[in-house]
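What follows is the residue order along each chain.
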2 protein chains.
Amino acid sequence: MSEKTLSPDDIRAQWAVERPDLATEPMALIGRMGRLARVLSEAMEATFARHGLNYASFDLLATLRRSGDPYALTAGDLMAQMMITSGTVTNRINRLEAQGLVVRRSDKNDARRAIVALTEAGFAVIDRAVEDHVATQKRLTEMLSAEEFVQLDGLLRSWLDRL
Amino acid sequence: MSEKTLSPDDIRAQWAVERPDLATEPMALIGRMGRLARVLSEAMEATFARHGLNYASFDLLATLRRSGDPYALTAGDLMAQMMITSGTVTNRINRLEAQGLVVRRSDKNDARRAIVALTEAGFAVIDRAVEDHVATQKRLTEMLSAEEFVQLDGLLRSWLDRL
DNA sequence: TCCATTTATCTTGACGTCAAGATAGGTGGA
DNA sequence: TCCACCTATCTTGACGTCAAGATAAATGGA
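About the criteria used
- Residues numbered from 1 in each chain as written.
- Chains lettered and ligands numbered in written order.
- Predicted model: local features only at pLDDT ≥ 70, side-chain atom pairs only at ≥ 80, totals over all residues.
- Heavy atoms only, no water.
- Least-squares fit on C-alpha atoms with pLDDT ≥ 70 in both.
- Contact = heavy atoms within 4.5 Å.
- Near = heavy atom within 4 Å.
- Polar contact = N/O pair within 3.5 Å; in protein donor to acceptor, adjacent residues only side chain to side chain.
- Pairing = 2+ DSSP bridges.
- Helix = DSSP H or I, 4+ residues; strand = E, 2+ residues; numbered from the N terminus.
- Axes fitted to C-alpha atoms, helices over the stretch in contact; angles between N-to-C directions.
- Nonpolar A, V, L, I, M, F, W, Y, C, P; charged D, E, K, R; others polar.
- Salt bridge = Lys/Arg side-chain N within 4 Å of Asp/Glu carboxyl O.
- Buried area = accessible area lost by both parts, 1.4 Å probe.
- Parallel < 35°, antiparallel > 145°, perpendicular 65-115°, else oblique.
- Buried < 20%, exposed > 50% of the residue type's maximum accessible area, 1.4 Å probe, protein only.

Peer 1: Which residues make up the relation of the copies chain B and chain A, and what values do they have?
Peer 2: With an RMSD of 0.0 Å, chain B superimposes on chain A once it is rotated by 180° and translated 0.0 Å along the axis. In short, the pair behaves as if placed about a two-fold rotation axis. When the interface residues of chain B are mapped onto chain A, 100% of them are again interface residues, pointing to one common binding face.

Right, here's the structure in full:
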């Protein structure tokens, strides 16, 4: 009935009434992880948008940029590093190519391969965007004390390792 | 060049070479949060799939189920609680209605309102699915010690509060 | 040399999501 | 009573993503 959003704890409280047999401690933790990921994503998307990008395009440009000179990778490399399917890679490349931020070249040794390279415009955009992105991430994390930061990073790292 | 996926730490190492001026400590932490959220989501989606559901449909059915008898909310309530737009609510309802898991009724006092209620089939599906879901969440979190669990939950909670 | 097999990328169709706008019903003041 | 405005939901069009399959090129063994 309530016209309001519920916190993960509110949701647990509802389940406690309706299904008191369920152990919902993990639900609150995982729910908070999800909320946090969402809030962080929204803040980062706003940063990308200031540079005419979104997560998908930032991700691809950043992958090329940090791969170092000559700022070029095959579609397959991009697929692996961005952890997406081949169709999604194709789509991301197409959109960035239309914006003039990357170019497709063919590999002289293997005509099946598509080599994707940053254009000068793409290089300029991602170099500016990543600075802004880092500043946003700093802002988002600086409400954690140094000790909290280290603790959280350690917990996330070991959980991820065990999964 | 590498045909491999990179850890958040690998990514930081690449940036350290290409853009040593950037302070990327937050990037590793936020990156790990994102990876973790993704791994957890994939595991939970697999659970939903065993019941013919996905995240979207589980979310709506669960919202109705835990709202308690008579397991019915307006589209607006669902929009607020699920934190999605009105168009997305309409879409989710349509799909679940086609599966016979919810029904739309009109509100006698306000013809603009769409009241969405669980069917018997919907109730049965969500009651089974949520048990499986809770078991999956238990499995995902039980690699954390009790102490780690409490620490992590506390850190996430306070970070979220401050954001 | 040939061709069956493997590899790299692209295409197609289906989903879930959102922003913006359309539609229809409700409400309050003149 | 009317109508301008507000509210609740639905529609439309655009994206990003994936799974599955199509296409084209490389490879290796007979």
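Peer 1: Any details on the protein's contact with DNA strand C? Residues and values, ideally.
Peer 2: Lining the immediate environment of DNA strand C, one finds 21 residues, of which A:Gly76, B:Asn54, B:Thr88, B:Arg92 and B:Arg95 sit closest. Considering DNA strand C, the proportion of its atoms within 4 Å of the protein that are sugar or phosphate atoms stands at 75%. Contact between DNA strand C and A:Ser86: a base nitrogen at 2.6 Å from a side-chain N or O atom of the residue. In this structure, A:Thr90 approaches DNA strand C through a side-chain N or O atom, which is 3.1 Å from a phosphate oxygen.

Peer 1: Can you tell me about the sheet that holds strand β1 (residues 72-74) of chain B, naming the residues and giving the values?
Peer 2: Residues and elements named next belong to chain B. Spatially, the 3 strands line up as an open sheet ordered β1-β3-β2, and their pairing is antiparallel. Each having just a single partner strand, β1 and β2 (102-106) make up the two edges of the open sheet. Direction aside, neighbouring strands of the sheet carry axes that sit 30° apart on average. By the bridge criterion, 3 bridges tie β1 to strand β3 (residues 114-118) in an arrangement that is antiparallel. Its bridge partner lying in β3, Ala-72 is registered against Ala-117. Taken strand by strand, helix α5 (residues 86-98) contacts β2 and β3, and its axis lies near 120° from that of β2.

Peer 1: Quick rundown of the protein's contact with DNA strand D? Include the residues and the values.
Peer 2: DNA strand D sits among 21 residues. The nearest are A:Asn54, A:Arg92, A:Arg95, B:Gly76 and B:Ser86. One of the side-chain N or O atoms of A:Thr88 is found 2.6 Å from a phosphate oxygen in DNA strand D. At a separation of 3.0 Å, a phosphate oxygen of DNA strand D approaches a polar backbone atom of A:Ala111. Contributions of two or more residues to the surface near DNA strand D are made by α5 (86-98) of chain A together with α4 (75-82) and α5 of chain B. Considering each element in turn, the surface near DNA strand D owes the most residues, 4 residues, to α5(A). Here the surface near DNA strand D is built from residues that sort into 5 nonpolar, 9 polar and 7 charged.

Peer 1: So what's going on with the pattern of salt bridges? Residues and values would help.
Peer 2: Summed over the entire model, instances satisfying the criterion amount to 36 salt bridges over all chains. Close ionic contact of A:Arg65 with A:Asp127 constitutes a salt bridge, the shortest N to O distance being 2.6 Å. On the criterion of sequence distance, the pair formed by A:Arg65 in helix α3 (residues 55-66) and A:Asp127 in helix α6 (residues 120-141) is long-range, its members being 62 residues apart. Between A:Glu148 and B:Arg162 there is a salt bridge, and its shortest N-O distance comes to 3.0 Å.

Peer 1: Go over the environment of A:Asp110, please, and point to the residues and values.
Peer 2: Among the secondary structure elements, A:Asp110 is positioned in the loop between β2 (102-106) and β3 (114-118). A polar side-chain atom of A:Asp110 sits 2.9 Å from a polar atom in the side chain of A:Arg112.

Peer 1: Kindly report on the interface of chain B and chain A, identifying the contributing residues and their values.
Peer 2: Contact residues are listed per partner, giving 69 residues for chain B and 69 residues for chain A. Interface area, chain B with chain A, both sides summed: about 7,100 Å², of which 67% is carbon and sulfur. There are 12 salt bridges connecting chain B and chain A. The partner of A:Glu131 in a salt bridge is B:Arg19, and the shortest N-O contact between them spans 2.8 Å. Put simply, chain B and chain A have 20 residue pairs in polar contact (both at pLDDT 80 or more) between them. Breaking the side of chain B that touches chain A down by element, the ones donating at least two residues are α1 (8-18), α2 (25-49), α3 (55-66), β1, α4, α6 (120-141) and α7 (146-162) of chain B. Element by element, the count of residues in the side of chain B that touches chain A is highest for α2(B), at 15 residues. In the side of chain B that touches chain A, the residues fall into 36 nonpolar, 13 polar and 20 charged.

Peer 1: Tell me about the packing of α3(B) against α6(B), residues and numbers included.
Peer 2: All names here are of chain B. Closest axis-to-axis distance for the α3/α6 pair is 10 Å, and the angle between their directions is 105°. Regarding the angle of α3 to α6, the classification is roughly perpendicular. Contacts between α3 and α6 involve Phe-58, Leu-61, Ala-62 and Arg-65 from the former and Phe-123, Val-125, Ile-126, Asp-127, Ala-129, Val-130 and His-133 from the latter. For the contact of α3 with α6, the residue count by class is 8 nonpolar, 1 polar and 2 charged.

Peer 1: Could you give an account of the pairing of β3(B), with specific residues and numbers?
Peer 2: Residue and element names in this part refer to chain B. Most of β3 sits out of view: 4 of its 5 residues are buried. Where β2 lies against β3, 5 bridges are found, and the strand directions are antiparallel. Across the sheet, the residue bridging to Val-102 is Leu-118, located in β3.

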